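So you can see what is in the structure, the chains are spelled out below.
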Amino acid sequence: MGTSQSTSVAAPRLLRENTGLCSSSEPLNQRKKARGSSSSLATLRRRLLLRRRRSSKCPDHARYMRELLSGCSLAEVSALCEQYEALAALKDLSVQADLARPPASAKKHDLAALFETRVAADVELVYAGACFPAHRAILAARCPYFRQVLGRFPGHGARIGLELRTPGVDAALFGALLKLLYTGELAPHQHDRPLLGRLADEFGGAPNPLEQDLRYLLETGDFADAMLVFTKGNGSSSSSSSSGHSEYGFSSLGTLERPCHKAVLAARSPFFKNLVQRRNRGEELQPERAGLNLATRIVLDESVIPQRFSSVLLHAVYLDEVNLALVCRPLEGGPTSLEDAMELYQIGRFLELDILSQGCEDLILEMLTPNNLATVLAWGARPYGSAWVYRQAVNYLRDEFQPFSQSPVLLQLSAEHLREALSSDFLQASEHEVLQAVLKWGEHQLVRRMEDREPNLLSHTAHSVARKGVKKRDLSDVELREILSPLLPLVRMDHVLPANAETLAHAVRRGLLPTPPSHMLGGDRDAVRIHAWIRSTSGCAQGVWIRPRLFMPYYEEAKAVLEEHFSQAVDVVRAAVRRPDDIPDTLYMVDERRSLEAASANPAPPLPDPATLSQMVKREQKLRQSPLVLRALSLPLTSRHLVLSQVRLRVVREFNLPDATAQLLEVNRVKIATLYFNQVIWGAKFVAARELYQILILHLLHIRS
């Protein structure tokens, strides 16, 4: 018997290189194979939601940065470039952390687990004194030999003794052959080609690819032992399905019945597994049903799982495909594809069918455009939305903030979503553009507030306030300052270029800014401006250093200025200017203290069990040895604390835990180790607890070293 090529799980076009998932209109088995991980990050950086991206670089950005650096020494320009390099490395890690999520299990792995756990087994095969519980539908679809044998023993739970004509097949090899039928793969040590050839002749030939046989089961309904009943209204269904059916399966009573297989349902979804197990136990208590071979009816309420999603659901279960083209749509009107994907995501969560929910996340990301960005952000932020989609949408807003700030998209954003973008060190817009966008958004919110206060004179028309028009001098600066109070502190006023920008001066005159920029408070203006951008270690710098955003036009121009002066001995300059290897200890302590305060103020998430915690620690250690992390830690001005925080956040998300768990693990690492050690020190898990304790202590010492 030969092995078949396994198929990867479903993912979006823009993440195809990382995960190999399928798109909305193309089945999984027609997609290209995933590329190697070495080029995945570069591909993501090029393609992550950058549809027809307009270049953010303009002559003004380059000119303003060059003017700022015109009075700087080579050491200061080099220091600024090193700050940008550290931020660029941190951004790469942040992208990976935002993309992290638990991998959806593919059908091959789920069927392998089904074979090992023997859940919902309906036949027992006895060979060479060993008993192998198995599943009729899978064996019959995959192997002509078993199809004939099972046809002679139709009863549920039949115990069938087998003898093979091919010599040299022991119980272990027979079990491996059964597992081959479930997974399409044979263990490497079982590759005895002459013996496998003889077995293939006896079993009726080598098995088809796993996906081909599962597609056969799905499309034909052969060997079905269950019936998914999609009901209308109250969830009741007719006990008889022999009459009233249309060509497409809709009955006159408004129900839709789809034949399926309990083994496949139980393998793919914990929800269906628990349901099938309960039904099997109930049927065992009814001996009169034993010889009837009646299909188990699984009734799904239309209000929870609508009929129009039945084909999409079954294709996800059987084939790892999420194809919205299979949704039954009305001729006119009805939900959009985006709304269907959002509803299917919730159905996937309800059924605990990760391949469906993650496939829908990928499709939502495929359909993300400026026009629906606000809708996706609002949905992702809700309890029933996807945190993963929300993170990608925020990144889209962050990466495209400059064009969005000049379009109606800005006015559709909520204050919380705008705050999320402005809090990032990777926002792609100059501080001058950020300030303009914030003021524009605030004035729009103020006009809306005025409209709410003043009733519209003519219904079903544009509001009278909008028709009359509102001039800036008519806007209340006090109200505007109140609206913008959560956002203006996030604008890095000391980095507004040019420093004499009219927008900045006008905002100061109107009293909108909580604190004017440092260069407007007196002293040596040029020195204050420079030291707001470049952190000094001399101890006598004027002004306060503020971390610059990684705005790419500024970064590129700073590198160009540095290259123009590269004729000097940069190594000598770096040696002459003493710089810290990391953020100063005082700042590190501030970050850690804030983490501790946040962890104590918010309700603590549940801690993972010791086994999961041990796996998380090992995963974190492995990621810390990756090239990206090692490169980030090797840069002179890298914040070690921020780098490791991103690594830990990625691990937490890969294990499907709340983000707050990463903060909790960081603050209470020793306490957690001691707690788990004390909890099980007198129990049967003493050895495992001791190993976990040692791992965590060594990990803590490595972090602090």
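Just above sits the structure.
Reading the values: rules and limits
- Residues numbered from 1 in each chain as written.
- Predicted model: local features only at pLDDT ≥ 70, side-chain atom pairs only at ≥ 80, totals over all residues.
- Heavy atoms only, no water.
- Core = buried A, V, L, I, M, F, W, Y, C linked by side-chain atoms within 4.5 Å.
- Buried < 20%, exposed > 50% of the residue type's maximum accessible area, 1.4 Å probe, protein only.
- Contact = heavy atoms within 4.5 Å.
- 1 Å grid on protein atoms, 1.4 Å probe; cavity = no way out; pocket = protein on both sides within 12 Å on 5 of 7 lines; lining within 4 Å.
- Points joined across faces, edges and corners; volume = space filled by probe spheres on them.
- Helix = DSSP H or I, 4+ residues; strand = E, 2+ residues; numbered from the N terminus.
- Salt bridge = Lys/Arg side-chain N within 4 Å of Asp/Glu carboxyl O.
- Pairing = 2+ DSSP bridges.
- Axes fitted to C-alpha atoms, helices over the stretch in contact; angles between N-to-C directions.
- Parallel < 35°, antiparallel > 145°, perpendicular 65-115°, else oblique.
- Left-handed = near helix turned anticlockwise from the far one by under 90°.

Turning next to the nonpolar core. Counting residues in hydrophobic clusters, the biggest one holds 130 residues, and the most contacted among them are Leu125, Phe146, Phe174 and Leu356. If we skip the residues at most four places from it in the chain, Leu125 touches Ala130, Cys131, Phe132, Leu139, Phe146, Ile160, Leu162, Phe174 and Leu178. Tyr64, Ala88, Ile530 and Val561 belong to the second-largest nonpolar core, a separate cluster that totals 39 residues.

A separate point is empty space enclosed by the protein. In this approach the atoms are scanned with a rolling probe the size of a water molecule, which exposes any empty space left behind. Across all of its chains, the model carries eight cavities of 30 Å³ or more by this definition. The volume enclosed by the largest cavity comes to roughly 140 Å³. Taken together, 13 residues make up the lining of the largest cavity; nearest its centre are Ala86, Leu87, Arg547, Leu637 and Ser639. Within the residue set of the lining of the largest cavity, elements represented by two or more residues are α4 (74–99) and α31 (640–654). With four residues, the single largest contributor to the lining of the largest cavity is α4.

Once that is clear, we can look at the pattern of salt bridges. Side-chain pairs of opposite charge can arise whenever the charged atoms involved come near each other. All chains considered together, the criterion is met by 34 salt bridges. A salt bridge links Asp60 to Arg63, with the shortest nitrogen-to-oxygen separation between them at 2.9 Å. Pair noted here: Asp60 and Arg63 are both in helix α3 (residues 59–69), with a separation of three residues, about one helical turn. Of the residues examined, Asp60 reaches a relative accessible area of 35% and is grouped as partly exposed.

Strands pair in a sheet through their backbones, by hydrogen bonds, and they do so in one of two ways: parallel or antiparallel. The mixed open sheet is built from three strands, whose spatial order is β2-β1-β3. Edge positions in the sheet fall to β2 (130–134) and β3 (158–161), since each of these pairs with one other strand and no more. Averaged over all adjacent pairs, the angle separating strand axes in this sheet is 25°, with direction ignored. For strand β1 (residues 123–127) and β3, the ladder comprises four bridges, and the chain directions are parallel.

Viewed as axis vectors pointing N to C, helix α29 (residues 610–624) and α31 meet at an angle of 130°, and their least axial separation amounts to 10 Å. By the angle between their directions, the pair α29 and α31 is classed as oblique. Once α29 is placed against α31, the crossing between them reads as right-handed. Across the interface between the two elements, Met616, Arg619, Glu620, Leu623 and Arg624 of α29 pack against Arg640, Leu644, Val647, Arg648, Arg650, Val651, Val652 and Glu654 of α31.

Judged by pairing direction, the sheet is mixed, and its three strands sit side by side in the order β5-β4-β6 without closing on themselves. Looking at the sheet topology across the chains shown, the edges are occupied by β5 (256–260) and β6 (296–300). Neighbour to neighbour, the strand axes of the sheet diverge by 25° on average, direction disregarded. The sheet contact formed by strand β4 (residues 226–230) and β5 spans five bridges and is antiparallel.

No statement about biological role is implied by the geometric values presented.
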